[in-house]
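Below, each chain spelled out in residue letters.
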Amino acid sequence: MKATAFPLLALGGICTSLSQAAPVDFVREVRPILEKHCYSCHGPEKQKGGLRLDIKEAAFKGGDDHAPNIRPGDPEKSPLLAFVSGKEKDLQMPPKGERLSSEHVGILARWIQEGAAWPDGVDSAKLENKRDLWSLKPIASPTPPTPSNPLWARHPIDQFILARLEKEGLEPAPEVDRTRWLRRVTLDLTGLPPTPEQIAAFQADPSPNAYARAVDALLSSPRYGEHWAQHWLDVVRYADTHGFEVNTERPNAWPYRDYVIDAFNADLPYDQFIRDQIAGDAEKKDAATGFLVTASVLLPGQIGADDASKRLARQDALDEIVVNTSQTFLGLSVGCARCHDHKFDPISARDYYSMQSFFAGVEYGARFLYTPEAQAARKDGQHLSEEIAGIEKKLAQYVPIALSGNKRPALNARLNADRFTPTKAKRVRLTILSTNNAEPCLDEVEVFNTEGVNVALASCGTTASASGQLIVADQHDLRYLHDGKSGDRRSWKSNENGQGWVILEFPQEHRIDRVVWSRDRQGKLLDHTPSNYRIEIASESGEWQTVADASDRLPPDPKRKTKPGEFSTDGLVGEELQQARGLMQQKTKLTAQLNRALEDQRVFSGVFRAPDAIHLLYRGDPEQPKDPVVPAIPEVLGQVRLPGDAPEQDRRLALAQWLSSPQNPLTARVFVNRVWQWHFGTGLVETSSDFGKMGLKPSHPELLDWLAGDFIQNGWSLKHLHKAIVLSATYRQSTQANPVAAAKDADARLLWRFPPRRLEAENIRDAMLAVAGNLNLKMYGRGFNLFHQRGGLSGFTPVEVLTPENSRRMVYAHKVRREPDAVFGAYDCPDAGQSTARRRESTTPIQALNLLNSRFTLQQAATFASRLATECGPEPAAQVQRAYQLALGRPPLPEELQDATAIVKTHGAAPLCRALFNSNEFLFIP
């Protein structure tokens, strides 16, 4: 809100005698006016528009849309006077009820003119200092309390926990037995149950280092990285589709998932892990920067064609990056300041847009990896492309020259080639004069030079323009005209019935001799096919000249069916026909080989360009830009600031360095708290992605700082942190209930026992496959299908037939955003629509129904039963013994053995296996 200046003489006609009047007394004259007319909307209970008038600091500062509110000595430029005087008709205050009299307006004007004296000590309340927040203070170095029971408190973690328990009059639970501890830590670190052989080896190890050796083995297992990567992917909302209504596939998102798995397995220092994800492209770690674009995004075809819609979509895309970065690494809701200063935390709207400026050159998109495999694939692809170009050149000799009088093949929806005398060209125009019905559609236009190279590709620098277009979400768009991919879902469609034109302009002149075009090269659709057209070319300075048209085409033959991507062989006979067919087969084979070689060497990790100019936006509206901003971190957190012309990569590098700095008070605290949560179910700070004012305070603040400091001092090593936690006496407690302790601390936040919790959805599925003997431990690569469709609007029917590929760990599933798995989605498995800092743990009837009756459960129970028969023979008691050892990690109790053996004798082992999968002992971490 920009206040309108107005003359003092207009304020009720009383300001002419300001010099003769006695000074205005704030307490007796000003405050009563504010109390009567303003406090109901701008007082202690509510602050509309962010304006508060009962406290001096807030009243002078102003609201969300205007600041400052009061300018001592200058009433004409004080928004408060503009509002109450009625000069701003749309913003006159109060908006309803009794308005201020001219006398009251005059008193306020005189008071401001005289310097707006507001004595100290007269406010009814004190404005809270948003900067006085525990999480923004430097990490302390607390000394662990001296333990009263040093035999129990074997680690500094235990000393902090025990001191707090004793303060509350509580004591820790007894230690869990060795077998249950091993099952707990194995499920916790790998997401899979220990095998009977692992349990037996651990029980037989009398060494005092047996526990530490077991943990080292688990942390060295590839299964560890797979399991802990899932925790991280929850937070950053990783998925293999774009989201929103169309929800199309991101075929190259998975390298980021594989990077995270590798990083955890390699114990990549967390500070380096951060730098990789923000600016890994600086060190050719492109897969890591998949972090920047893990969120949903509108694709170009889903955005309105007008500039305002594009600007809003760009703001939304940048907002996702800012939100992802701030909540993931800092545990702050910086995104709340997009429209106005944060209501609770010391984050201003200027801070938000300054953060946005770090990412002003990031676009959502895919690019080639810099791995040795990708470099080799690109080199092989270059050779294949050259071979294909050579074949194209040979095939061209079978196409009659246009306008020569020789009849050329009939128009084809799948592929059309127009060959002409080699000519220099800077531009090519294809004009469609009529179609077989409705708006013309082209899925790809290729222009070949005399060397057989397609110079029309966008990747060659060629640009496209058109008479108009119909944009359909991720299906029809001009950019698809020359992107090297074909099919109706990647095509340009005119917005004119039966006509339209497209122009391809090259960065420099080329000597060209052929234009190849199609309506649907995949051969699925025949409608919207051009039936009359003209191809023209223009040199650097020349006029348009026609080089081909439809006049010498043969009439269509409905009996002839050309294969997708195939040159027409109409008019060819004998040896020429055989030669052409042989070349076409070679081209088809090499093209498929080229696509396979390159497809898996790309990563959806953002593409980088010159940064946009970022402005502070009024109420977050891109149509109302205000002051320009430069890349800078929130003022309350430091002074990292770059000039407005800083290069794109330098911006992200600077941000990455600050985020990963040991001096940053939030980064280490937030991460060690996440790790604590993933071990105990709840973090020391329960709101693990909100360390701001509205987040909860830590239950053990000294322990949190001790862990953060120790984490940094030990090289930001996650495995070091794991070992400290899982080898502590706190972690080794049993889940034994204590009614007295539960009455004081029902959720065991003070950790008087180990809090029992259910396995995550993915681990239930993986554990069932492992116990049944079906788990495929193949790592990395494209995700397997949970549904018969990899993206789109609807129709996500689950894949129910088990194959070796979909028997991999669930972290390798192709994750469709906002579409939960048919069976295990009921177990609170995140759908990647929002960041999941902590998974809910609900209990619903559908969970039991899915786990008891789903086809997946029945299959695994049957396979488990077959495994028992193979390993134990036909003896029911032996099968029961083995079933309990595999599923629960222990032998059956005598009564369990008796009952289960009777069931196996009567019904076979499958019902027992089903019951074990549904038991709490199988589903919960002990």
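Quick notes on the rules
Residues numbered from 1 in each chain as written. Predicted model: local features only at pLDDT ≥ 70, side-chain atom pairs only at ≥ 80, totals over all residues. Heavy atoms only, no water. Helix = DSSP H or I, 4+ residues; strand = E, 2+ residues; numbered from the N terminus. Buried < 20%, exposed > 50% of the residue type's maximum accessible area, 1.4 Å probe, protein only. Contact = heavy atoms within 4.5 Å. Areas by Shrake-Rupley, 256 points an atom, 1.4 Å probe, with all protein chains shown as cover. Lys, Arg positive; Asp, Glu negative; His and termini not counted. Charge placed at Lys NZ, Arg CZ, Asp CG, Glu CD. Salt bridge = Lys/Arg side-chain N within 4 Å of Asp/Glu carboxyl O. Core = buried A, V, L, I, M, F, W, Y, C linked by side-chain atoms within 4.5 Å. Pairing = 2+ DSSP bridges. Expected span 1.5 Å × (residues − 1). Polar contact = N/O pair within 3.5 Å; in protein donor to acceptor, adjacent residues only side chain to side chain. Axes fitted to C-alpha atoms, helices over the stretch in contact; angles between N-to-C directions. Parallel < 35°, antiparallel > 145°, perpendicular 65-115°, else oblique. Left-handed = near helix turned anticlockwise from the far one by under 90°. Nonpolar A, V, L, I, M, F, W, Y, C, P; charged D, E, K, R; others polar. pLDDT = per-residue confidence, 0-100. Phe/Tyr/Trp six-rings, centres within 6.5 Å; stacked < 30°, edge-to-face > 60°.

Participant: Talk me through the overall build of the chain; I want residue IDs and the actual numbers.
Facilitator: On a plain count of helices and strands, the chain comes out with 28 helices and 16 strands. When the backbone C-alpha atoms are referred to their principal axes, the chain occupies close to 105 × 100 × 45 Å. Across the 926 residues in the chain, those meeting the buried criterion constitute 54%. Sequence-distant contacts in the chain: of pairs separated by 6 or more residues, those separated by 24 or more amount to 73%. When the accessible surface of the chain is summed, it comes to about 39800 Å², and 52% of that surface belongs to carbon and sulfur atoms. Of the charged side chains in the chain, 111 are positive and 115 negative, and the gap between their average positions amounts to 1 Å.

Participant: I'd like to hear about the pattern of salt bridges, residue by residue, with values.
Facilitator: A side chain with one charge may pair with a side chain of the opposite charge, provided their charged atoms come close. Applying the stated rule across the entire model yields 58 salt bridges. A salt bridge links R275 to D271; the nearest nitrogen and oxygen atoms lie 3.7 Å apart. Placement of both R275 and D271 in helix 12 (residues 270-279) is noted, with a separation of 4 residues, approximately one turn of the helix. Classification of D271 by relative accessible area gives buried; the value is 14%. For D316, the salt bridge identified is with R338, shortest N-O distance 2.8 Å. In this pair, D316 is assigned in helix 13 (residues 307-330) and R338 in the loop between helix 13 and helix 14 (349-357), connecting sequence segments 22 residues apart.

Participant: Break down the nonpolar core for me, with residues and values.
Facilitator: Ranked by internal contacts, the top residues of the largest apolar core, which has 163 residues, are W181, W232, W676 and F864. Each residue touching W232, except ones within four places of it in the same chain, is listed here: Y256, V260, F264, Y270, F273, Q277, T328, F329, F671 and W678. Grouped together as the second largest cluster of nonpolar side chains are 26 residues, F420, V455, Y533 and I535 included.

Participant: Help me get a handle on the pairing of strand 9 (residues 530-538), residues and values and all.
Facilitator: Of the strand pairs in this sheet, strand 3 (residues 416-435) and strand 9 are connected by 8 bridges, and their pairing is antiparallel. Its bridge partner being in strand 9, V428 is matched across the sheet by I537. Between strand 9 and strand 10 (residues 545-549), which pair antiparallel in sequence order, lie 6 residues.

Participant: Run through helix 6 (residues 156-167), naming residues and quoting values.
Facilitator: Along its 12 residues, helix 6 runs 17 Å from first to last C-alpha, staying within 8% of the 16 Å computed at 1.5 Å per residue. Within helix 6, burial applies to I157, D158, Q159, F160, I161, L162 and L165. In this structure, the buried residues of helix 6 make contact with helix 18 (667-680), helix 19 (701-713) and helix 20 (718-726). Phi turns positive one or two residues past the end of helix 6, at G169, with a value near 75 degrees.

Participant: Describe the environment of W752, with residues and values.
Facilitator: Along the chain, the position of W752 falls in the loop between helix 21 (739-744) and strand 15 (757-758). Aside from chain neighbours lying at most four places away, what touches W752 is L165, L170, E171, P172, A173, Q733, Q736, A737, N738, A741, A742 and D745. Within the structure, the side chain of W752 is placed 3.0 Å from the backbone oxygen of D745, a separation counted as a polar contact.

Participant: So what's going on with unusual backbone geometry? Which residues, and what values?
Facilitator: Residue P94 is bonded to the preceding M93 through a cis peptide linkage, with omega at -10 degrees. Tracing the backbone shows P94 in the loop between helix 4 (79-85) and helix 5 (102-113). Positioned with a positive phi, L403 is a non-glycine residue whose angle comes to about 65 degrees. According to the relative accessible area criterion, L403 is partly exposed, its value standing at 42%. With a phi close to 70 degrees, Y780 is a non-glycine residue in the positive phi region.

Participant: How would you sum up the packing of helix 7 (residues 178-190) against helix 8 (residues 196-203)? Please name residues and give values.
Facilitator: Between helix 7 and helix 8, the least distance of the axes is 10 Å, while the angle of their chain directions is 130 degrees. Between helix 7 and helix 8, the angle is such that the two are oblique. The hand of the helix 7/helix 8 crossing is right-handed. Side by side, helix 7 and helix 8 meet where R178, T179, W181 and L182 of the first sit next to Q198, I199, F202 and Q203 of the second. Of the residues in the contact of helix 7 with helix 8, the class split is 4 nonpolar, 3 polar and 1 charged.

Participant: Tell me what's going on with the side chain of D276, and back it up with residues and numbers.
Facilitator: Here D276 shows up in helix 12. Classification of D276 by relative accessible area gives buried; the value is 1%. In this structure, D276 is in contact with Y259, L268, K285, A288 and T289, ignoring residues within four places of it in sequence.

Participant: Before we move on, can you summarise the confidence of the model for the chain with the specific residues and values?
Facilitator: The share of residues in the chain with pLDDT of 70 or more is 95%, and the mean pLDDT across the chain is 90. Contacts of residues 1-19 to residues separated by more than four positions or lying in other chains number 42 contacts, the stretch itself having pLDDT below 50.

Participant: Can you tell me about the packing of aromatic side chains, naming the residues and giving the values?
Facilitator: In this description, a pair of aromatic rings is defined by centroid distance and the angle of the planes. Under the definition given, this model contains 36 aromatic pairs. Summarising the aromatic geometry, the rings of W232 and F329 are spaced 6.0 Å apart at their centres and angled 40 degrees between planes, so their arrangement reads as tilted. Here W232 is found in helix 10 (residues 222-236), whereas its partner F329 is found in helix 13, with 97 residues between them in sequence. We note that W232, like F329, is buried.

Participant: Outline the packing of helix 7 against helix 9 (residues 210-220), supporting the account with residue identities and numerical values.
Facilitator: Two numbers describe how helix 7 lies on helix 9: the axes approach to 10 Å, and their chain directions differ by 25 degrees. In terms of orientation, helix 7 and helix 9 fall into the roughly parallel class. Handedness of the crossing formed by helix 7 with helix 9: right-handed. Across the interface between the two elements, R178, W181, L182, V185, T186, L189 and T190 from helix 7 touch A210, Y211, A214, V215, L218 and L219 from helix 9. In terms of residue class, the contact of helix 7 with helix 9 is built from 10 nonpolar, 2 polar and 1 charged.

Participant: Quick one: what's the story with the pairing of strand 10, residue by residue and with numbers?
Facilitator: In this sheet, strand 10 lies alongside strand 9 in antiparallel orientation, the contact comprising 4 bridges. When the sheet's bridge partners are listed, I537 is paired in strand 10 with Q545.

Participant: Give a detailed account of the side chain of Q601, specifying residues and quantitative values.
Facilitator: Positionally, Q601 belongs in the loop between helix 16 (574-599) and strand 11 (602-604). Among the polar contacts listed, one links the side chain of Q601 to the backbone nitrogen of A374, at a separation of 3.3 Å. When residues no more than four places from it in sequence are discounted, the contact partners of Q601 are R367, F368, L369, T371, E373, A374 and A377.

Participant: I'd like a rundown of helix 11 (residues 254-265), residues and numbers included.
Facilitator: The terminal C-alpha atoms of helix 11 lie 17 Å apart, and with 12 residues this matches the ideal 16 Å at 1.5 Å per residue to within 8%. For helix 11, the tally of buried residues reaches 11 of 12 residues, placing the bulk of the element in the interior. Those residues of helix 11 that fall on the buried side of the exposure criterion are W254, P255, Y256, R257, D258, Y259, V260, I261, A263, F264 and N265. The inward-facing, buried residues of helix 11 abut helix 10, helix 12, strand 11 and helix 20.

Participant: So, the environment of Q159: which residues are in play, and what are the values?
Facilitator: One can find Q159 in helix 6. Of the residues examined, Q159 reaches a relative accessible area of 16% and is grouped as buried. The sequence separation of Q159 and V447 amounts to 288 residues, and the corresponding C-alpha distance is 74 Å. Those residues in contact with Q159 that sit more than four places away from it in its chain are P144, P145, P147 and A153. For Q159, the side chain forms a polar contact with the main-chain oxygen of P145, separated by 2.7 Å.

Participant: Help me get a handle on the environment of A200, residues and values and all.
Facilitator: Structurally, A200 can be placed in helix 8. Considering only alpha carbons, one finds A200 and R521, 321 residues apart in sequence, at a separation of 61 Å.

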